Structure formats: C-alpha cells, structure tokens
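So you can see what is in the structure, the chains are spelled out below.
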Amino acid sequence: SQTIHQWPATLVQPVGSPLSLECTVEGTSNPNLYWYRQAAGRGLQLLFYSVGIGQISSEVPQNLSASRPQDRQFILSSKKLLLSDSGFYLCAWSRDRVDSPLHFGNGTRLTVT
Amino acid sequence: LAKTTQPISMDSYEGQEVNITCSHNNIATNDYITWYQQFPSQGPRFIIQGYKTKVTNEVASLFIPADRKSSTLSLPRVSLSDTAVYYCLVVNAGNMLTFGGGTRLMVKP
C-alpha cells in the first residue's frame, strides 16, 4: 500500500529564518506531488505541483520554492520566512491519471514569530 | 477551470441524512467530480468521485444529474464524528486540483 510521510508535524520559526519541509511517498512510482497551504479557518491554496523529477510548477508567486530531487521526495523551502508564511502545510500525491484522487500527509503546522 | 460553489456551512443532527450540493455550471466533458472530507489539523481525505448518475460506496453517495452542472454528496445517518469540512472539486487532466472554501458541517447530538 502507498503511504505519505511529512515532517515535522509542528514548527516554530523566527521571521527571516530559512525553512525546509520534506515529504516522501512510499509504495508507488512516478507520482504527481503537491504542496498546499491552509491558513487558519480557510480553504487550501495550491502552492506547487510536480509531475516528475526536477519538474516544478508554481501556482502562487511568493518567497517559497519547491524541489523534487528524487521521484518520491518533495521539498518545500524558503530562504527567509515572513510572518504571512504561517499556516498548515500539506503535501499530497496522486497517480498520473485524471481520475486519481489526492492522498494527503498529516501536515506541518508552521508558526512564524 | 470549472469553478465550484457550495454552502459555507450546514447543521444537522445525529441520525439524519445530510445532502450537500455543489454547483459547477461550467463543467467540461472530461471533468470528474470529487469530494473530500477534512477534520481539524488533518489533511483532506478522499470520500467519493463520479462522472455521471449515481455512485455509492461504504461512506457516501454521490448524485450527478444528466446536465452535470451540480452534484450532491449524501451522507446517510450522520454521527458526531462526521462533523468536518467537505470540499467539492471538479478535476480533469489539466486541473491542478484547486480547492474551494468547502462546506462546514456541524452534527449536533
């Protein structure tokens, strides 16, 4: 069976500090990978998606970046965090099929202070 | 991209059937309709997906009329643990799976 791992679960970082969130998927190959952000009480905002190694598409211009160094690894980064980067970050994967649903990780609660 | 519209919130009582309707007037021929459930501090969980008519699984039913411009998620005999946010998505091969605001369902004793 497929599993998705996302860490850390919670993170408190000062403004201006760097960020690295990691997501890995097991049990499948060549998945589509996604990073979403959810502000408190709000819906999910798609940040990045990837259909293959080194292929990253950005949906929202910001100070965040994503990388996919391996087939089942997706990393979300920032060089300098802003207060507005606080939120609930979710990684997800899907098969490369139109009818494949998204499978989410447990998320990372990021608080920028 | 097909935009979806669903009620912001709904209230129900334990044991009742809950129907949440989603409008997607500009749905395209190749689009699927997918519903997710999200509990606080968790990622959304896939509930059900359909293309037309009716789909049923162990959790819910999805009703899609012939024109496919709307869909209704039906939850039979809800319990307190069904309190969550429910999202309707219209997806196709080119859709980067954008979520709307969802419907916040509150089940009361």
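This text follows the structure it describes.
Heads up: these notes are all about the structure in this document. Going along each chain's sequence as written, the residues are numbered from 1 onward. The lettering of chains begins at A and the numbering of ligands begins at 1, in the order of writing. At least 70 in pLDDT is required for a residue's local features to be given in this predicted model, at least 80 for side-chain atom pairs to be given and counted, and no such filter applies to totals for whole chains, interfaces and linings, which use all residues. Computation of side-chain values covers all heavy atoms of the structure but excludes hydrogens and water.

**Describing the sheet that holds strand S7 (residues 64-70) of chain A**
Across a sheet, strands are paired by hydrogen bonds formed along the backbone, either parallel or antiparallel in direction. Residue and element names in this part refer to chain A. Read from one edge of the open sheet, four strands run S1-S3-S8-S7, paired in antiparallel fashion. Across the chains shown, the open sheet's two edge strands, defined by having one partner strand only, are strand S1 (3-7) and S7. On average, adjacent strands in this sheet sit at an angle of 15° to one another, irrespective of strand direction. Examined bridge by bridge, S1 and strand S3 (residues 19-26) share five bridges and lie antiparallel to one another. Bridged to glutamine 6 within S3 is cysteine 23. By the convention used here, strands pair only if DSSP detects at least 2 bridges between them. Secondary structure counts use DSSP, requiring at least four H or I residues in a row for a helix and at least two E residues in a row for a strand, with both numbered from the N terminus. Inter-axis angles, ranging from 0 to 180 degrees, are taken between N-to-C directions of lines fitted to C-alpha atoms, where helices are fitted over the stretch in contact.

**A closer look at the packing of aromatic side chains**
Between the rings of Phe, Tyr and Trp (Trp by its six-membered ring), a pair exists once the centres lie within 6.5 Å; its type follows the angle of the planes, with under 30 degrees stacked, over 60 edge-to-face, and the other angles tilted. Here the structure, examined in full by the defined rule, presents six aromatic pairs over all chains. In textbook terms, an aromatic cluster arises when at least three aromatic residues are bridged by ring pairs, as seen for Tyr34(A), Tyr36(A), Phe104(A), Tyr36(B) and Phe46(B). In this scheme, Lys NZ or Arg CZ marks a charge over a ring once it lies within 6 Å of the ring centre and within 35 degrees of the ring normal. One residue, Arg68(B), lies across the ring of Tyr51(B), its end atom 4.0 Å from the ring centre.

**As for unusual backbone geometry**
Apart from glycine, the bulk of residues carry a negative phi angle, and the bulk of peptide bonds sit in the trans form. The omega angle of the peptide bond from Trp7(A) to Pro8(A) is 0°, so this bond is cis rather than trans. Note that Pro8(A) resides in the loop between S1 and strand S2 (10-13). For Ser41(B), which is not glycine, the phi dihedral falls at a positive 60°. As for its placement among the helices and strands, Ser41(B) is situated in the loop between strand S3 (32-38) and strand S4 (45-50). Of note in this structure, Arg68(B) is not a glycine but carries a positive phi near 60°.

**Section: the state of the cysteines**
Only a pair of cysteine sulfur atoms within 2.5 Å qualifies as a disulfide here. Applying the stated criterion across every chain yields a total of two disulfides over all chains. Paired by a disulfide, Cys23(A) and Cys91(A) hold their sulfur atoms 2.0 Å apart. Every disulfide takes its handedness from the sign of the S-S torsion; for Cys23(A) and Cys91(A) that torsion is -75°, giving left-handed. Linking Cys23(A) in strand S3 with Cys91(A) in strand S9 (residues 87-94), this pair joins segments that are 68 residues apart in sequence. Neither Cys23(A) nor Cys91(A) differs from the other in exposure class; each is buried. Each sulfur in the disulfide pair Cys22(B) and Cys88(B) lies 2.2 Å from the other. One quick way to see it: the torsion about the S-S bond of Cys22(B) and Cys88(B) is about -80°, and its sign makes the bridge left-handed. Highlighted residues: Cys22(B) in strand S2 (residues 18-23) and Cys88(B) in strand S8 (residues 84-91), separated in sequence by 66 residues. Under the scheme applied here, a residue whose accessible area is under 20% of the maximum for its type counts as buried, over 50% as exposed, and between as partly exposed, the area being computed with a 1.4 Å probe on protein chains only. The buried category is assigned to Cys22(B), whose relative accessible area is 0%.

**Regarding the environment of Tyr49(A)**
All names here are of chain A. Mapping tyrosine 49 onto the fold places it in strand S5 (residues 44-52). A relative accessible area of 16% places tyrosine 49 in the buried class. With 13 residues separating them along the chain, tyrosine 49 and tyrosine 36 place their C-alpha atoms 8.9 Å apart.

**Looking at the environment of Ala40(A)**
Residues and elements named next belong to chain A. Turning to its location among the elements, alanine 40 is positioned in the loop between strand S4 (32-38) and S5. According to the relative accessible area criterion, alanine 40 is exposed, its value standing at 73%. Sequence separation between alanine 40 and leucine 83 is 43 residues, and the spatial gap between their C-alpha atoms is 13 Å.

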